[in-house]
Amino acid sequence: MTVGAGHVDETRAGLPFIAPEALGSADFTADHNVRYAYVAGSMYKAVASEDMVVRMGRAGLLSYFGAGGLSPDRIVAAIDRFRRELGDGPYGLNLLASLENPAKEKEQVDLLLQHRVRRVEAASFLRPTPSLVRYRLSGLRVGRDGAVVIPNRVMAKVSRPEVAECFLRPAPRVLVDALVDAGRITPEEAALADRVPLADDLVAEADSGGHTDQRQLVILLPEIIRQRDRVARDVPAAARIRVGAAGASVFRRRRRPRSCWARTSS
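Quick summary incoming for the structure in this document. Fair warning: this is a prediction, and the values are worked out from it, not measured in the lab.

### Remarks on the overall build of the chain
So, step 1. The secondary structure content of the chain amounts to nine helices and twelve strands.
So, step 2. In the chain, which comprises 266 residues, the proportion classed as buried is 51%.
So, step 3. Across the chain, every contact between residues at least 6 apart in sequence was considered, and the portion connecting residues at least 24 apart equals 63%.
So, step 4. Here the chain displays about 12800 Å² of accessible surface, and carbon together with sulfur accounts for 51% of that area.

Next up, the structure:
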């Protein structure tokens, strides 16, 4: 049995031992510069705490700080600690949708961009919003190899295929144009928007204590994966998006072995 060079050994029972590094998406670990294809998700009001993020980051693992419901000063203090103790190590913050109060969501994104937070876990979004699109597109540029460089990573929690589709596709042009007109993104960033899906990773969030449709994971996860593959037929960049599930999630990528990553918490 071959799982990955240097990751398989024989146990005393004669069965193969598979190291954690061999599980999941190699693209995920490379993109996020982590040891394992595994994530500790954010939980409201710092239940997913500063200490957890720091300890995970020091171990070479990715986790998201539960910034929802906290004051801007508290969030900034947490970011300062992460930067001080982790440097360029892996960490991210929660970004909660606020459809009833767009100004609050804008304030969150202003803070994230001001402090150069490069990863967010987007939660409770039913559709793309101007602030989410602004976060994703800010800093887009073309690299020396002609590929689009995307500084800001988005991991989106979804529980419905139609919401997943929004994240699998580029940002709606009407929102992109409005952001340019308002001076929130540059024309150069807007010109690259059609080449960039709204997310890098999707979390299929099944029945839990979070914002879900209370569907079983065994149904929801394959449905989201099929949705990704359908969208990829006319949006090739969507094929690169990994799909997983909240609560020891498994992330899969199209036509690639070892393409999973796991996530805990909702």
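### Considerations on the nonpolar core
So, step 1. Counting 62 residues, the largest nonpolar core has Phe65, Leu93, Phe167 and Leu202 as its most contacted members.
So, step 2. Counting nine residues, the second largest nonpolar core, distinct from the first, contains Phe28, Val34, Ala37 and Ala246.

### A closer look at the pairing of strand β5 (residues 92–96)
So, step 1. Among the five residues that make up β5, five are buried, leaving the element largely enclosed by the rest of the structure.
So, step 2. Two strands pair when backbone bridges link them, and strand β4 (residues 62–65) and β5 are joined in this way by two bridges, in the parallel orientation. Note that in β5 the partner of Phe65 across the bridge is Leu93.
So, step 3. Between the parallel elements β4 and β5, the chain passes through helix α3 (residues 72–86) in a crossover that is right-handed.
So, step 4. Direction of pairing for β5 relative to strand β6 (residues 119–123): parallel, over a ladder of four bridges. In the strand pairing of β6, Leu95 is matched with Ala122.
So, step 5. Traced from β5 through helix α4 (residues 102–114) to β6, the parallel crossover comes out right-handed.

### Here we look at the pattern of salt bridges
So, step 1. This structure, assessed with the given rule, holds 18 salt bridges.
So, step 2. Note that Asp51 and Arg81 form a salt bridge whose closest N and O atoms lie 2.8 Å from each other. Highlighted residues: Asp51 in helix α2 (residues 50–58) and Arg81 in helix α3, separated in sequence by 30 residues.
So, step 3. Put simply, Arg153 and Asp200 hold a salt bridge, and the shortest N to O gap is 3.2 Å. One end of the pair, Arg153, is in strand β9 (residues 153–158); the other, Asp200, is in the loop between α8 (187–192) and β10 (201–204), and 47 residues separate them in sequence.
So, step 4. On the accessibility criterion, Asp200 (9% relative accessible area) is buried.

### Digging into the environment of Ala59
So, step 1. When you line up the elements, Ala59 lands in the loop between α2 and β4.
So, step 2. The sequence separation of Ala59 and Arg35 amounts to 24 residues, and the corresponding C-alpha distance is 8.1 Å.

What counts, and where the lines are drawn
- Residues numbered from 1 in each chain as written.
- Predicted model: local features only at pLDDT ≥ 70, side-chain atom pairs only at ≥ 80, totals over all residues.
- Heavy atoms only, no water.
- Helix = DSSP H or I, 4+ residues; strand = E, 2+ residues; numbered from the N terminus.
- Buried < 20%, exposed > 50% of the residue type's maximum accessible area, 1.4 Å probe, protein only.
- Contact = heavy atoms within 4.5 Å.
- Areas by Shrake-Rupley, 256 points an atom, 1.4 Å probe, with all protein chains shown as cover.
- Core = buried A, V, L, I, M, F, W, Y, C linked by side-chain atoms within 4.5 Å.
- Pairing = 2+ DSSP bridges.
- Right-handed = clockwise from strand over helix to strand, strands pointing away.
- Salt bridge = Lys/Arg side-chain N within 4 Å of Asp/Glu carboxyl O.

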